[in-house]
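The residues making up each chain are set out below.
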2 protein chains.
Amino acid sequence: MSILVVGSLALDSIETPFGSVENALGGSATYISIAASYFASPIRLVGVVGGDFPKDAVRFLESRGVDMEGLETVKDGKTFRWGGKYHYDLNTRDSLYTHLNCFEHFDPKIPEKYKHSKSVCLGNIDPVLQLKVLEQIEQPRLVVCDTMNYWIEGKNAELRKTLKRIDILIVNDSEARLLSQEPNLMKAGRAIRAMGPKIVIVKKGEHGALLLTDEIVFSAPAYPMESIFDPTGAGDAFAGGLVGWLERTGDLSEANLKRAVIYGSTLASFCVEKFSVEGLADLTYLQIQDRFREFRELSHFDED
Amino acid sequence: MSILVVGSLALDSIETPFGSVENALGGSATYISIAASYFASPIRLVGVVGGDFPKDAVRFLESRGVDMEGLETVKDGKTFRWGGKYHYDLNTRDSLYTHLNCFEHFDPKIPEKYKHSKSVCLGNIDPVLQLKVLEQIEQPRLVVCDTMNYWIEGKNAELRKTLKRIDILIVNDSEARLLSQEPNLMKAGRAIRAMGPKIVIVKKGEHGALLLTDEIVFSAPAYPMESIFDPTGAGDAFAGGLVGWLERTGDLSEANLKRAVIYGSTLASFCVEKFSVEGLADLTYLQIQDRFREFRELSHFDED
């Protein structure tokens, strides 16, 4: 079992109605890796940070079974920093600042021993870089990819090339509509599958997620949160939980894809309960199983 | 088994991206009654129409087992007419006109033989009238009620009085938030339950529905529609399917409430497939069962 994770590592400053944190560990590769680490090992991270990246953060990731050999440190550079403020309903946020710093020139180099990773999870980065990563990997069993409006609009042709190499694309509903130019999500899913990914997962925030394949539509509920503390990283935790479960089981059957979506949702629900990566920091497998079962309670009904 | 349905009967003129209809049968009582008629009999309708209300419409409702004794006809009056236009994504609509006509002075009179109805379903009308209906009924087993922003804002105190007599309130998500002054739907549900209804059902359109009781949260998926033909009446068809199933089974257990939400969703999904009430006009019980099972496929997953 091995999962290659490529994406950002960041220091986030976040304000929510519940409080604020400064320079807290963040970034897509971080959240994906931690979430996936509950299911599979090793997690092999590729990313870049500056000399200011805290040693504690590296040690924490290592303690979660994340292989940090692929972390490039630009000694005299600064780590990617993002500041954001969430509003009352937590569905909208303002970016207060985005300092790409050394992430601006990120050029993912895959260490030799990472090149046979079974699964690859590409965080939301430039699709040109995503493709460059895939070109360095030898026949991965599964490639999971995230993207966003910024790339769909700004690097559409490049993204289309990357999509041909993707097995599972994870997007939110507005991204699915933008990418497919189709307001109906069923049709959007079909249009995106025609671009390459055999499987499309549409995240709908407080409304759960849809799994769309050639054969099935699966509607996963959202966990009923009474107080979302910090939504940052939820989508990446989802991707990490999903790819982690699929790598753990090595099973891409429909029944298991459904479970993977629920495990993704489970990790995302833990993620938003605390600031930064705290909600994912020290879960037990039992806690994860219990929440998985809560998702079952939430959505199951009997015929008679 | 008997269900009293009180609400509007209307002649709707509807434009959607798929076509248009003129003076088609509509109104909350109409949709609720037809949907409920697949599960229980008799359905007892109370409403008002003008002399222009088509005889065919009355005969159609009667053919569905709807008792029309409670239909008041104002011979020299006109039936409530509504004109609406749905936009491309079908989630937004413009009301082109609303002619209340004889519905403006609707004063529901409950025929003697209706007064022992087991279940009552109150369509979206003035909460003062909803309460007036309930005061004429002798100990119904179940009272289901719909309302809307217009009454929440304009007759809040009156609505609060009505809510004390309601068992199940059906609202959409924005109405739930408005009524409770609470953006989080879990908290909104609790706040609304404190106003009277033991059970709150939150309709979320293309995102399904939530069933909220003291004990459980149940998340029902939306049926994956590729082409919604005409969304008019979907919420009323949901209410009708729900109350019909609950009256048919006489079972308010949690397991059966979940089923009722799915039967409501099932009838709503048929409703939007055609214009006006056509989608509900001649279903078979087998079709309904098949779609119920499709909802099961859509949302179920196994642990291993």
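Residue positions are given per chain, counted from 1 along the sequence in the order it is written. Ligands are numbered from 1 and chains lettered from A, in the order in which they are written. Where local features are concerned, this predicted model is filtered to residues with pLDDT of at least 70; where side-chain atom pairs are given and counted, the filter is 80 or more; whole-chain, interface and lining totals use all residues. The side-chain numbers reported here are obtained from all heavy atoms of the structure, hydrogens and water having been left aside.

(A) Just the packing of aromatic side chains, in detail. Pairing of aromatic side chains requires ring centres within 6.5 Å, counting the rings of Phe and Tyr and the six-membered ring of Trp. Pairs whose planes differ by under 30 degrees are stacked, by over 60 edge-to-face, and all others tilted. Scanning the model with the defined rule gives 26 aromatic pairs over all chains in all. Relative to Tyr-263 of chain A, the ring of Trp-245 of chain A has its centre 4.2 Å away and its plane inclined at 25°; by these criteria the two rings are stacked. Taken as a pair, Trp-245 of chain A in helix H8 (residues 234–249) and Tyr-263 of chain A in helix H9 (residues 254–271) lie far apart in primary sequence, 18 residues in all. Through successive ring pairs, a cluster of aromatic residues spans Phe-39, Phe-218, Trp-245, Tyr-263, Tyr-285 and Phe-292 of chain A together with Phe-301 of chain B. For a ring to carry a charge above it, either NZ of a lysine or CZ of an arginine must fall within 6 Å of the ring centroid while also lying within 35 degrees of the normal to the ring plane. Against the face of Phe-270 of chain A rests Arg-291 of chain A, its NZ or CZ located 4.0 Å from the ring centre. Between Arg-64 of chain B and the ring centre of Tyr-38 of chain B, over which it is positioned, the NZ or CZ distance is 3.8 Å. Helix and strand definitions follow DSSP, with helices as H or I runs of at least four residues and strands as E runs of at least two, each counted in order from the N terminus.

(B) Examining the sheet that holds strand S2 (residues 10–16) of chain B more closely. Residues and elements named next belong to chain B. Strand order in this open sheet of four strands is S3-S2-S6-S7, and the pairing throughout is mixed. Two strands bound the open sheet, and with one partner strand each, they are strand S3 (19–26) and strand S7 (93–99). Shown here is a sheet whose adjacent strand axes are inclined to one another by a mean of 15°, direction ignored. Paired strands are those between which DSSP finds at least two bridges. Bridge count between S2 and strand S6 (residues 80–86): six bridges; the pairing is parallel. Whenever a helix is involved, its axis is fitted only over the stretch in contact; in every case the axis is a line through C-alpha atoms, and angles between N-to-C directions fall within 0 to 180 degrees.

(C) Spotlight on the pairing of strand S1 (residues 3–6) of chain B. All names here are of chain B. Burial classes: relative accessible area under 20% of the type maximum marks a residue as buried, over 50% as exposed, and values in between as partly exposed (1.4 Å probe, protein chains only). Burial along S1 is two-sided: the residues Ile-3 and Val-5 and Leu-4 and Val-6 are all buried. Sheet topology note: the S1/strand S4 (residues 43–50) ladder contains four bridges and is parallel. When the sheet's bridge partners are listed, Leu-4 is paired in S4 with Arg-44. Where S1 lies against strand S8 (residues 119–122), four bridges are found, and the strand directions are parallel. Of the residues in S8, the one forming a bridge with Val-6 is Leu-122.

(D) Structural view of helix H2 (residues 55–63) of chain A. Residue and element names in this part refer to chain A. For H2, the complete set of buried residues consists of Ala-57, Val-58, Phe-60 and Leu-61. Taken down its axis, H2 places every buried residue within 160° of arc, on the same side. Among the exposed residues of H2, those pointing more than 90 degrees away from its buried face are Lys-55, Asp-56 and Ser-63. The contact criterion used is simple: two residues touch if any of their non-hydrogen atoms lie within 4.5 Å. Taken together, the buried residues of H2 touch strand S3 (19–26), helix H1 (28–36), strand S5 (66–74) and helix H10 (278–281). Looking one or two residues beyond H2, the residue adopting positive phi is Gly-65, at roughly 80°. The directions considered for the arc are those from the helix axis to the C-beta atoms.

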